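# Notes for the structure review
The primary structure of each chain is shown beneath.
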Amino acid sequence: MLKSKSIVSIDDVETEDFYEIFKRASIFKRAVKEGKILDLMKGKIMATFFFEPSTRTRLSFESAMNRLGGSVISVSEAKSSSAAKGETIADTIRMASSYSDIVVMRHPMEGAARLASEFSTVPVLNGGDGSGQHPTQTLLDLFTIWEKYGRIEDLEISMIGDLKYGRTVHSLIKALSRFNNTINLVSPEILRMPEHFLSSIKSKAKIRPDSSLENVLGTTDVFYVTRIQKERFVDLNDYQKVIGSYSFNQDLVERMKESSIIMHPLPRVDEIDPRIDSNKRAYYFIEAANGVFVRMALIDIILRGGEYE
Amino acid sequence: MLKSKSIVSIDDVETEDFYEIFKRASIFKRAVKEGKILDLMKGKIMATFFFEPSTRTRLSFESAMNRLGGSVISVSEAKSSSAAKGETIADTIRMASSYSDIVVMRHPMEGAARLASEFSTVPVLNGGDGSGQHPTQTLLDLFTIWEKYGRIEDLEISMIGDLKYGRTVHSLIKALSRFNNTINLVSPEILRMPEHFLSSIKSKAKIRPDSSLENVLGTTDVFYVTRIQKERFVDLNDYQKVIGSYSFNQDLVERMKESSIIMHPLPRVDEIDPRIDSNKRAYYFIEAANGVFVRMALIDIILRGGEYE
Amino acid sequence: MLKSKSIVSIDDVETEDFYEIFKRASIFKRAVKEGKILDLMKGKIMATFFFEPSTRTRLSFESAMNRLGGSVISVSEAKSSSAAKGETIADTIRMASSYSDIVVMRHPMEGAARLASEFSTVPVLNGGDGSGQHPTQTLLDLFTIWEKYGRIEDLEISMIGDLKYGRTVHSLIKALSRFNNTINLVSPEILRMPEHFLSSIKSKAKIRPDSSLENVLGTTDVFYVTRIQKERFVDLNDYQKVIGSYSFNQDLVERMKESSIIMHPLPRVDEIDPRIDSNKRAYYFIEAANGVFVRMALIDIILRGGEYE
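Named according to an unreviewed UniProt entry, chain A is Aspartate carbamoyltransferase originating from Cuniculiplasma divulgatum. Quoted verbatim from the Function (unreviewed entry) field of the UniProt record, the comment on chain A reads "Catalyzes the condensation of carbamoyl phosphate and aspartate to form carbamoyl aspartate and inorganic phosphate, the committed step in the de novo pyrimidine nucleotide biosynthesis pathway." Within the UniProt record for chain A, the comment given under Pathway (unreviewed entry) is "Pyrimidine metabolism; UMP biosynthesis via de novo pathway; (S)-dihydroorotate from bicarbonate: step 2/3."

Let us look at the interface of chain A and chain C. Opposite the 24 residues of chain A that make contact, chain C presents 24 residues. Our count for the contact surface shared by chain A and chain C stands at five salt bridges. Linking chain A with chain C are nine residue pairs in polar contact (both at pLDDT 80 or more). Every element with two or more residues in the side of chain A that touches chain C is listed here: β1 (45-50), β2 (71-75) and α3 (89-98) of chain A. Considering every element that reaches the side of chain A that touches chain C, the biggest residue donor is β2(A), with five residues.

Next up on the list: the interface of chain C and chain B. Contacts between chain C and chain B engage 25 residues on the former and 24 residues on the latter. Here chain C and chain B share an interface that buries about 2200 Å² over both sides, 51% of which is from carbon and sulfur atoms. Where chain C meets chain B, there are five salt bridges. Between C:E87 and B:R56 there is a salt bridge, with its nearest N and O atoms 2.1 Å apart. Where chain C packs against chain B, one counts nine residue pairs in polar contact (both at pLDDT 80 or more). Residue assignment for the side of chain C that touches chain B shows that the elements contributing at least two residues are β1 (45-50), β2 (71-75) and α3 (89-98) of chain C. When residues of the side of chain C that touches chain B are assigned to their parent elements, the largest contribution, five residues, is made by β2(C). Looking at the side of chain C that touches chain B residue by residue, the classes come out as seven nonpolar, nine polar and nine charged.

Per the stated rule, a full pass over the model turns up 69 salt bridges over all chains. The residue B:R255 makes a salt bridge to B:D251 at a minimum N-O spacing of 3.8 Å. For C:R94, the salt bridge is made with B:D277, and the minimal N-O distance between the two is 3.4 Å. In this pair, C:R94 is assigned in helix α3 and B:D277 in the loop between β9 (261-263) and α11 (284-303), connecting two distinct chains. As far as the burial class goes, C:R94 and B:D277 line up, both buried. One salt-bridge network, held together by shared partners, links A:E20, A:R24, A:D300 and A:R304.

What counts, and at which threshold
- Residues numbered from 1 in each chain as written.
- Chains lettered and ligands numbered in written order.
- Predicted model: local features only at pLDDT ≥ 70, side-chain atom pairs only at ≥ 80, totals over all residues.
- Heavy atoms only, no water.
- UniProt positions renumbered as here; feature names shortened; annotations may be inferred.
- Contact = heavy atoms within 4.5 Å.
- Salt bridge = Lys/Arg side-chain N within 4 Å of Asp/Glu carboxyl O.
- Polar contact = N/O pair within 3.5 Å; in protein donor to acceptor, adjacent residues only side chain to side chain.
- Helix = DSSP H or I, 4+ residues; strand = E, 2+ residues; numbered from the N terminus.
- Buried area = accessible area lost by both parts, 1.4 Å probe.
- Nonpolar A, V, L, I, M, F, W, Y, C, P; charged D, E, K, R; others polar.
- Buried < 20%, exposed > 50% of the residue type's maximum accessible area, 1.4 Å probe, protein only.

Here's what the structure looks like:
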């Protein structure tokens, strides 16, 4: 049960919690589409502390809290914060938690969210910490897959692009490995998923490292594409070459299974050609929109628990 | 009808819409003054995306949404946004619109709001784009005139100051030209309204370019003064000279018609002497305050439509 | 009576107001702890204008307004504001007050809040102006003492650290001097409370300047520790020496009275050893959390007045 708990890592979420979150996210999605007014969080306050910019994650959380009838207080830049005056994370989170009922934190330092959860008097949701965890992104990714296929197992998932630094794929592979899935890892040499990370996963899934996009194109159910950051490359020519071979365009898409879907945590830059946005396989905007509903579910389960009819 | 529509340019607003907006703004103005609690936007979310700072416009929109019982999520600086990671306007607005029911956008690039409205799944309100449009400013200007005179035609309006770069006067002259008005253009040589802009307006109004303030002082109903930006002048002496001859002071005001009003989109710097703030003709603070009521009307008409009693 | 009044200085708050604020803050504290939903400020808007960063003060005010069911609009950095375009404080506050029902302002310039209150059409709460006043900090400090001792007189209070620049101690000593208290001033030579400030206070209290921590340790009821800013010292060795002799550690705490409490306006840096956070005398986190309840009381008394049951 997640009631009153902090979510720092996807490991904090049990398998049965997944389905409870999915179910409630579905209900909330329908409610919002129908223009239903929800008052479940009336009188409650969420504090969003973003020590690193992330418009998408922050707004998605704030939208979720507002959709539930709650309020938000927010700090969105490190330099105007108490941290700039030399305050520790422990003291900052004590402040945040004394002003609110739930805290969402993003921090450039790995482990910051875990530390925060230890000193907070209210639940802390990790909105991303360094190259560490980003569990709510994983939950919305899983929900999007579940919504499409009705399950998060017995699927072939191909993770494509930056598997070395990409925080979202690390978290997602951990979750998908709990189940009977086939996971293909497709990336350029210099952006491969680290060995030590792979070996640390207790996996029920069949993981196929170093796959080629060509080989998995026709069998994959879920393509999970990540942003390849220019800054990772010393030589810009190398970047251009990599982008060239991993870019999703119309030619590629037509050779995929009819039922397959393409996901991306966004923002995208050159990895996906905007011309395939209207393709039925393009699920990245649906995925992004699902972030609000999954976060609504999570907030409601943590703060209110019980059932939602 | 404006129901579910985006407002990018003042041209998107039909003449009959003007009166619907004025009527509803009046009702909301009275309701707020009487401390009435409105719940018309309960459960609804406005996203304000300001890629260029504008305290006045942003807060006025946010106040309007709150006064109607709605919530707001907000990005107020470009550098902490996804745009900084290379995201296109199309993708950014898709995000914004999937988190909210209506989006207000300000952007430094002309045409950004039109582009945004094409990719958004919810109505977009242009909060100013480059030297392009700022339609809600025009609506609040018109409402202020309408409130005073009971009409927006058969009036003599003098536009004064920077008519070259001033976005607000471009939008306002377009609107006022639809009706039988006399419009005097008063500006220094280097800040005259561009010929090509003037000739593009299909005008029912009588426009008198290159008027002198002296000549129109005694006949004008509405003085619309704009901020003259120091940055436009290479030579600071030129700025001082211009400010000197266009500055509204007590001496000038006393020679105006009793019934005339002075407007200014604010912030003002040296164009209006603070000593005339208490003069009955000083309407710029009323004008600014009206921004909230006009935006309440616009939001309510677009999102709810129908009637408001 | 504080109804509809601005609070610029602690001198604006009469002695009988103190007790009204304390009483109401107590009631709100219990209500929030019990998860009660308050709707007292429904339909009302607070504008927070922070021209200088202060996460703690801003969020505490915003949390207070949200807890009462009200909304917040906010500007939290000077450079994106109209002030950057050369607007005067008078014009800025006119804008803020036409968009809201109450304005909270922090400004780097001493006297800014007083000026603002003169041009505002709604009550202004000073959230700190330069080295001037910070009255709501003083109110929450007093409330914390009152909560512990049931009174704010007949106490021995020791103020420790930076008594020269520390805005909070200046405001607090003014308030405590109205009553029969003993006030010890403990600071390094270069950070002593200015003579002219001390002589300006009409005091019923017994003030003992230049006290030594050693001498007051066993008799003090309230230790009020302030942050010593590195920037004040030319020589870093001097800073280290000062911090060394004023730092609150376990050894020191054990020699204090059982019933004594340690307060600090936060953020702290090196003045208080985190190992004493769990000591029963550590009241600084309680003090910070009290900020929300005291501000709720103040907002409710100013905007609604009357009684709260």
